[in-house]
Amino acid sequence: MRTASVVLAGLLALAASPAWADARDDAKKQVEFGIAVAQRGLWREAIYRWERATQLDPTYAAALNNLAIAYEHEGELAKARGAYEKALELEPDNALIKQNYELFREINDRATRKDTQ
Amino acid sequence: MTARLAKILSSLAAVAVTSACGSYSEISIETPIRATMDVSAFQRVFVAGFISGGTEDVDGNLETTRLLRSQLRTKSSLRVIDADSLPLQDVAAEGRESEQAPPAAVKDEKDLDAYANLFANVEYWKKIGEEYQQPLIVTGTVLFTPHQRNSIVQREEEVYDSFGRRRVVPVRTYQERKGFILSPKFIFIDGRTGTVMHSTTAREEILYNANQATPALSSYFELMDRVIPSFLSTLSSQKIKGTRILLQ
């Protein structure tokens, strides 16, 4: 009986913020759909899905990472940089986001290289 | 009872951790880079030649002119004019007293400063423009200099212990390294007006072990390979292929 009540308390604690959990679940669905359409080359639709995911859950680093990649593909380099930087603020130790950001920076530096005249 | 409780809680934690980590997939992307310059007013491009120096092993003027023309032929919509490159060093020296004339052999960047007036000579470039039906003119300077640097280099070495087991260990050694520095400056001139529209500089270097005999010309091409994408993106939009990781 005592064990059951402890487990119940644990489960209740896990579900302490249902609104947050719902938002992350909805955002996750948007992210998954975004990946599916990006893999079919529908990048504008993917951007719409990942922007929606970041609105639903602004702390979702994976959604920001994917959004940054889509912006990169569309040539919107300033937006891509912003999204990568937000993703890394949320998960500074995420090696995959770091790797994507390094590759992006190589291209971005080339595109914005300081020219004269 | 406590053990059972711990087991239940640890399974719940494992589920939470697994769902937090998620999964990932690789995807190919093509990043478009817009051209720095608007060259829509031109139908032709004339790579006029370069003031070059640094080493006698490579003719920087000849090689750069050839390379840029061949790259522009395949990667730009402009028609490339095939004509002899201009005798820029002679043009720069024209009308000057011998002590004021720019040095005939360019050894370093300081020697190149004496040629700055050449590129600002609007009348000269306008005349060249008229001769070639007002193209976009590409000119500039190319300095390709030998370079040497001694530094600590890390390499991997195989070692075997007393049981014959192989291990790879990093070994740091002090090494003399030799190579080259390539510093081109590309100047884009409007053939209709003779004025400079845009200019861009680059600096790339390469170093080899001192005992490695790499021909100067192959080092030149290796370094130009790094510079060419940026040169081309000045004139025409490029798409850069790559892969990224999508996360869930």
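Basis of the calculations
- Residues numbered from 1 in each chain as written.
- Chains lettered and ligands numbered in written order.
- Predicted model: local features only at pLDDT ≥ 70, side-chain atom pairs only at ≥ 80, totals over all residues.
- Heavy atoms only, no water.
- Helix = DSSP H or I, 4+ residues; strand = E, 2+ residues; numbered from the N terminus.
- Buried < 20%, exposed > 50% of the residue type's maximum accessible area, 1.4 Å probe, protein only.
- Contact = heavy atoms within 4.5 Å.
- Areas by Shrake-Rupley, 256 points an atom, 1.4 Å probe, with all protein chains shown as cover.
- Core = buried A, V, L, I, M, F, W, Y, C linked by side-chain atoms within 4.5 Å.
- Expected span 1.5 Å × (residues − 1).
- Salt bridge = Lys/Arg side-chain N within 4 Å of Asp/Glu carboxyl O.
- Polar contact = N/O pair within 3.5 Å; in protein donor to acceptor, adjacent residues only side chain to side chain.
- Axes fitted to C-alpha atoms, helices over the stretch in contact; angles between N-to-C directions.
- Parallel < 35°, antiparallel > 145°, perpendicular 65-115°, else oblique.
- Left-handed = near helix turned anticlockwise from the far one by under 90°.
- Nonpolar A, V, L, I, M, F, W, Y, C, P; charged D, E, K, R; others polar.
- Pairing = 2+ DSSP bridges.
- Arc of directions from axis to C-beta.

(A) How the structure looks around the overall build of chain A. For chain A, the helix and strand inventory stands at six helices and zero strands. Along the chain direction, N to C, the helices and strands of chain A fall in the order α-α-α-α-α-α. Out of the 117 residues in chain A, the part that is buried amounts to 39%. A fraction of 44% describes how many contacts in chain A between residues 6 or more apart in sequence connect residues 24 or more apart. Carbon and sulfur atoms form 55% of the exposed surface of chain A, whose accessible area is close to 6,700 Å².

(B) The arrangement of the nonpolar core in detail. Formed by 34 residues in total, the largest nonpolar core has its most connected members in Val31, Trp43, Trp50 and Ile69 of chain A together with Ile27 of chain B. The set of elements that each furnish at least two residues to this core consists of α2 (18–39), α3 (43–56), α4 (61–73), α5 (77–90) and α6 (95–111) of chain A together with β1 (24–33) and β8 (238–247) of chain B. The element contributing the most residues to this core is α4 of chain A, with nine residues. Discounting chain neighbours no more than four positions away, the residues touching Trp43 of chain A are Ala38, Trp50, Ile69, Ala70, His73 and Glu74 of chain A together with Ile27, Ser28 and Ile29 of chain B. Core analysis: the next-biggest nonpolar cluster, separate from the first, contains 32 residues, Leu72, Val142, Phe144 and Ile228 of chain B among them.

(C) View of α4 of chain A. Residues and elements named next belong to chain A. The end-to-end C-alpha distance of α4 is 19 Å, a good match for the 18 Å that 13 residues give at a rise of 1.5 Å each. For α4, a buried count of 13 out of 13 residues is recorded, marking the element as mostly surrounded by other parts of the structure. The positive-phi residue at the C-terminal boundary of α4 is Gly75, with phi of around 80°.

(D) Local environment of the interface of chain A and chain B. Taken together, the 38 residues of chain A in the interface contact 32 residues of chain B. Inspection of the chain A/chain B interface yields one salt bridge. One salt bridge connects Arg244 of chain B with Glu72 of chain A, and the closest N-O pair in it is separated by 2.5 Å. Linking chain A to chain B there are five residue pairs in polar contact (both at pLDDT 80 or more). With nine residues, the single largest contributor to the side of chain A that touches chain B is α6 of chain A.

(E) Representation of the packing of helix α2 (residues 60–75) of chain B against helix α7 (residues 216–235) of chain B. Residue and element names in this part refer to chain B. Close contact between α2 and α7 brings their axes to 10 Å; oriented N to C, the two are set at 45°. By the angle between their axes, α2 is oblique relative to α7. As for the relative orientation of α2 and α7, their crossing is right-handed in sense. Listed contacts from α7 to Gly60, Glu63, Thr64, Leu67, Leu68, Gln71, Leu72 and Lys75 of α2 are Leu217, Tyr220, Phe221, Met224, Ile228, Phe231, Leu232 and Leu235. Classifying every residue of the contact of α2 with α7 by side-chain character gives eleven nonpolar, three polar and two charged.

(F) Representation of the pattern of salt bridges within the structure. Residue and element names in this part refer to chain A. This model, assessed by the stated rule, comprises 19 salt bridges over all chains. Here Arg81 makes a salt bridge to Glu85, at a shortest N to O gap of 3.3 Å. Remark: Glu85 and Arg81 occur in helix α5; sequence separation between them is four residues, near one turn of the helix. The class of Arg81 is partly exposed, set by a relative accessible area of 27%.

(G) Geometry of the pairing of strand β2 (residues 44–53) of chain B. All names here are of chain B. Counting buried positions along β2 gives ten out of ten residues, so the element sits mostly inside the fold. The pairing of β2 with strand β4 (residues 136–160) spans eight bridges and is parallel. What sits directly across from Gly53, in β4, is Leu143.

(H) Representation of α5 of chain A in the model. The terminal C-alpha atoms of α5 of chain A, which comprises 14 residues, lie 20 Å apart, in line with the 20 Å expected from a rise of 1.5 Å per residue. Residues Leu77, Ala80, Ala83, Tyr84, Ala87 and Leu88 of chain A constitute the buried set of α5 of chain A. Projected down its long axis, α5 of chain A carries its buried residues within an arc of 135°, all on one side. Within α5 of chain A, the exposed residues directed more than 90 degrees away from the buried face are Ala78 and Glu89 of chain A. Looking at the packing, one finds that the buried side of α5 of chain A touches α4 and α6 of chain A together with β1 and β8 of chain B.

(I) The arrangement of the packing of α4 of chain A against α5 of chain A in detail. Residues and elements named next belong to chain A. Taken N-terminus to C-terminus, the directions of α4 and α5 make an angle of 160°; their axes are 8 Å apart at the nearest point. With respect to their mutual orientation, α4 and α5 come out roughly antiparallel. The chirality of how α4 crosses α5 is left-handed. In this structure, α4 contributes Ala61, Leu64, Asn65, Ala68, Ile69, Tyr71 and Glu72 to the contact, and α5 contributes Leu77, Lys79, Ala80, Ala83, Tyr84, Lys86, Ala87 and Leu90. Across the contact of α4 with α5, the residue classes break down as eleven nonpolar, one polar and three charged.

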